[in-house]
Amino acid sequence: MNSEQPPPPPDEGDARGTPVGRRVFLGTLGLGALGVVTAPSLQRGLESFLAGAADKDPTGLTGLLPNGGGFRYYSVTSSVPRRTAATYRLTVDGLVDRPATYTLPELKALPQTRMVRDVQCVTGWRVPHTPFEGVRLSRLLDAAGVRPSARAVRFTCFDGAYSESLTLDQARRPDVLVALRMRDEDLGHAHGGPARLYVAPMYFYKSAKWLSGITVTEDVEPGYWEERGYDVDAWVGRSNGRDDEPTH
Ligand SMILES: Nc1nc2c(c(=O)[nH]1)N[C@H]1C(S)=C(S)[C@@H](COP(=O)(O)O)O[C@H]1N2
Ligand SMILES: [Mo]
């Protein structure tokens, strides 16, 4: 970590962020105070994570550095328990007729969808043409039998802190996955493995890592970053004060 760099934006876990993007973001939304207050604890979380990773796995550490494939490591908690193919569980519950719990082998046995899109973090960094692969969320919702009163879906994570949400219509889009693979490899722990949400058309904070719960609800409940000022409807280019100029 380089302490001479400016503090990271609210959802950025490393110190070599994109200061320009941060200024644009904070200036646009007027969330400066919030960002500054939030950043230091994230920073400490990342540092302790990297210190732990460096002890155990120098190769893994390289992959987490900025520009290690273009990704940055994010977690709002300082440590996240590991779940393996043997211990991972994903529950689907709430306003459904058939609540279910899936193991990783069970998820892998379902039809897989592969998509190649650009990953876009709301703070400005992006990773072009990134393959994600997994089970369509709509398939899991259909299997569970969503009740007519339901209008939204809430996602919880085994880091014990992060959450996300989508409207039911958004959740049923074909480009929303429970992703098991990224860049044609099984999802590693740092990127939210064994399974994370992948919401292709939205900023990457919607793509909750370490996914453990899918709960069908009546109304949208703002997720972790959304309670801190980010848009719930996080369409890339059309949210968070980033509305693209119309082109003719
Ligand atoms: N559980 C959890 N999911 C999360 C986050 C997090 O801190 N915790 N950060 C989000 C943000 S802001 C981004 S940009 C991406 C980063 O994913 P990556 O660490 O695989 O690059 O994860 C999103 N999902
Ligand atoms: Mo992000």
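This structure is a prediction, so every number in the text was calculated from the model and none was measured. (Residues numbered from 1 in each chain as written. Chains lettered and ligands numbered in written order. Predicted model: local features only at pLDDT ≥ 70, side-chain atom pairs only at ≥ 80, totals over all residues. Heavy atoms only, no water.)

**Let's talk about the sheet that holds strand β2 (residues 100-103)**
Spatially, β2-β1-β10-β5-β6 is the arrangement adopted by the five strands of the open sheet, whose pairing is mixed. Each edge of the sheet is formed by a strand with only one pairing partner; in this case those strands are β2 and β6 (163-167). Each neighbouring strand pair of the sheet contributes to a mean axis angle of 15 degrees, computed without reference to strand direction. Strand direction decides the pairing type here: strand β1 (residues 89-94) and β2, joined by four bridges, are antiparallel. If you follow R89 over to β2, its bridge partner there is T103. (Pairing = 2+ DSSP bridges. Helix = DSSP H or I, 4+ residues; strand = E, 2+ residues; numbered from the N terminus. Axes fitted to C-alpha atoms, helices over the stretch in contact; angles between N-to-C directions.)

**Digging into the confidence of the model for the protein**
With 71% of its residues at a pLDDT of at least 70, the protein reaches an overall mean of 79. Note that pLDDT drops below 50 for residues 1-65; the model gives that stretch 94 contacts with residues more than four away or on any other chain. (pLDDT = per-residue confidence, 0-100. Contact = heavy atoms within 4.5 Å.)

**Some thoughts on the site of ligand 1**
Taken together, 21 residues lie near ligand 1, and R72, D159, H191, R196 and K209 sit nearest. At 3.1 Å from a nitrogen atom of ligand 1 is found a main-chain nitrogen or oxygen belonging to S207. For ligand 1, the protein covers 100% of the area, taking 530 Å² as the surface of the free molecule. Across the shell around ligand 1, the residue classes break down as 13 nonpolar, three polar and five charged. Split by domain, the residues of the shell around ligand 1 number at least three in each of domain 1 (7-79) and domain 2 (89-240). (Near = heavy atom within 4 Å. Polar contact = N/O pair within 3.5 Å; in protein donor to acceptor, adjacent residues only side chain to side chain. Areas by Shrake-Rupley, 256 points an atom, 1.4 Å probe, with all protein chains shown as cover. Nonpolar A, V, L, I, M, F, W, Y, C, P; charged D, E, K, R; others polar. Domains from an automatic or database assignment.)

**Observations concerning the pattern of salt bridges**
Applying the stated rule across the entire model yields 12 salt bridges. Here D219 ties to R151 by a salt bridge, and the two come within 2.6 Å at their closest N and O atoms. Within this pair, whereas D219 is found in the segment after β10 (211-217), its partner R151 is found in the loop between α5 (137-144) and β5 (152-157), the two being separated by 68 residues in sequence. One salt bridge connects D186 with R181, and the closest N-O pair in it is separated by 2.9 Å. Relative accessible area serves as the criterion here: at 46%, D186 is assigned to the partly exposed category. (Salt bridge = Lys/Arg side-chain N within 4 Å of Asp/Glu carboxyl O. Buried < 20%, exposed > 50% of the residue type's maximum accessible area, 1.4 Å probe, protein only.)

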